[in-house]
Amino acid sequence: MTFIQSHYDYEGLSDFAAYVVSNQIKYKPTSLIGFATGSTPVGLYKRLVKRYDEGDISFDQLTTVNLDEYIGLPDGHEQSYSAFMQHHLFDHVNIRPESIHFPSADSEPSNFDLMIQQKGGIDLQILGLGTNGHIGFNEPGSSFDSLTRVVDLASSTIQDNARFFDHIDDVPTQAVTMGIKTIMNARKILLLASGASKADAVFSCLSGPETEDVPGSCLQSHPELTVLLDDEANKYYVDSMI
Ligand code: GLP
């Protein structure tokens, strides 16, 4: 079943996302949670840190995997997704460093899928959405059967992500990303989208045909999908249940 909820604004969306993720951690403290980067989940991570500070949740038994990582940035580069996760979440909670996992191009990328399988599969995968409908770094044209692998970034993605770098030429052109199949194998998925720039992608992912041209449209087939939008991202009024 898919549950779609529209919030007045980004703060409301982030509050509810924190409620969903906290419940998962409380319900199963040993969960394997898939985290996402990008600006959208920042409000969620801020709230998870607050809940941790207040003693509401603990990360000590949790295992995490991240969706994707750029290729070609020096270790510790502030725009690397591992640095992003440290800065916004991991540095502030009691997660064990050995429980944090990122896909990597240094070894066979699909070993990441094996590792996820060996750990019992992802319980909850958090996702943002690219303006071109990408999830993780699965760009339009990605196979719905894809596993973790090295990909070339679409020029629209490089353009979108240039705001985080000094110059567009500094944006990596490749990344390693969980595949669509890897993502779809998660037991539950929480998709977050905020702002008018996501409205078209939200509409085509949730109301258009399921096609590899729109990677996020695969989510329509997921058995347990929660979508949290703000009013701007849901300006075409996607139905609350599909
Ligand atoms: C990047 C990430 C995605 C993310 C997307 C949207 O390209 N690879 O996982 O969902 O950006 O980012 P934002 O939330 O900043 O719009």
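This text follows the structure it describes.
Read on for a plain summary of the structure. Values in this document were obtained by computation on a predicted structure and should not be read as measured data. (Residues numbered from 1 in each chain as written. Predicted model: local features only at pLDDT ≥ 70, side-chain atom pairs only at ≥ 80, totals over all residues. Heavy atoms only, no water.)

Before going further, it helps to examine the site of the ligand. Not every one of the 15 residues close to the ligand is listed here, only the nearest: Ser39, Thr40, Asp68, Arg163 and Lys198. Contact distances for the ligand include 3.3 Å between an oxygen atom and a side-chain N or O atom of Asn161. With respect to the ligand, the side chain of Arg163 contributes an N or O atom lying 2.9 Å from an oxygen atom. For the ligand, the protein covers 95% of the area, taking 390 Å² as the surface of the free molecule. Under a 2 Å grid-point criterion requiring more than half of the atoms, the pocket assigned to the ligand is the largest pocket. Tallied by class, the residues present in the shell around the ligand amount to four nonpolar, eight polar and three charged. (Near = heavy atom within 4 Å. Polar contact = N/O pair within 3.5 Å; in protein donor to acceptor, adjacent residues only side chain to side chain. Areas by Shrake-Rupley, 256 points an atom, 1.4 Å probe, with all protein chains shown as cover. 1 Å grid on protein atoms, 1.4 Å probe; cavity = no way out; pocket = protein on both sides within 12 Å on 5 of 7 lines; lining within 4 Å. Sits in = over half its atoms within 2 Å of the grid points. Nonpolar A, V, L, I, M, F, W, Y, C, P; charged D, E, K, R; others polar.)

Aromatic rings considered in pairs are described by the distance between their centres and by the relative angle of their planes. Per the counting criterion, the structure on display carries nine aromatic pairs. Between Phe35 and Tyr45 the ring centres are 5.6 Å apart and the planes differ by 70 degrees, which places this aromatic pair in the edge-to-face class. Of this pair, Phe35 sits in strand E2 (residues 32–35) while Tyr45 sits in helix H2 (residues 42–53), placing them ten residues apart in sequence. Across the pair, exposure class does not vary: Phe35 and Tyr45 are buried alike. Between the aromatic rings of Tyr81 and Phe137, the centroid separation amounts to 5.9 Å while the plane-to-plane angle is 15 degrees, which identifies the pairing as stacked. With Tyr81 in helix H3 (residues 81–88) and Phe137 in the loop between strand E6 (124–127) and strand E7 (149–152), this residue pair connects regions lying 56 residues apart in the sequence. The exposure classification of Tyr81 matches that of Phe137, with both residues buried. In this structure an aromatic cluster arises from ring pairing among Tyr70, Tyr81, Phe137 and Phe165. (Phe/Tyr/Trp six-rings, centres within 6.5 Å; stacked < 30°, edge-to-face > 60°. Helix = DSSP H or I, 4+ residues; strand = E, 2+ residues; numbered from the N terminus. Buried < 20%, exposed > 50% of the residue type's maximum accessible area, 1.4 Å probe, protein only.)

All chains considered together, the criterion is met by seven salt bridges. Put simply, Lys28 and Asp123 hold a salt bridge, and the shortest N to O gap is 3.0 Å. One end of the pair, Lys28, is in the loop between helix H1 (10–27) and E2; the other, Asp123, is in the loop between helix H4 (111–118) and E6, with 95 residues separating them in the sequence. Linking Asp123 and Arg187 is a salt bridge whose minimum nitrogen-to-oxygen distance equals 2.7 Å. Of the two residues, Asp123 sits in the loop between H4 and E6 while Arg187 sits in the loop between helix H6 (180–184) and strand E9 (188–193), which places them 64 residues apart along the sequence. The exposure class assigned to Asp123 is buried, which follows from its relative accessible area of 5%. Residue classification places Arg187 among the partly exposed positions, given a relative accessible area of 41%. (Salt bridge = Lys/Arg side-chain N within 4 Å of Asp/Glu carboxyl O.)

Strand pairing in a sheet relies on backbone hydrogen bonds. The paired strands run either parallel or antiparallel. What the seven strands build is an open sheet, ordered E1-E10-E9-E6-E2-E3-E5; its pairing is parallel. Each end of this open sheet is capped by a strand with a single partner; those strands are strand E1 (2–7) and strand E5 (100–101). With four bridges connecting them, E6 and E9 associate as parallel partners. Counted as the bridge partner of Leu124 is Lys188 from E9. (Pairing = 2+ DSSP bridges.)

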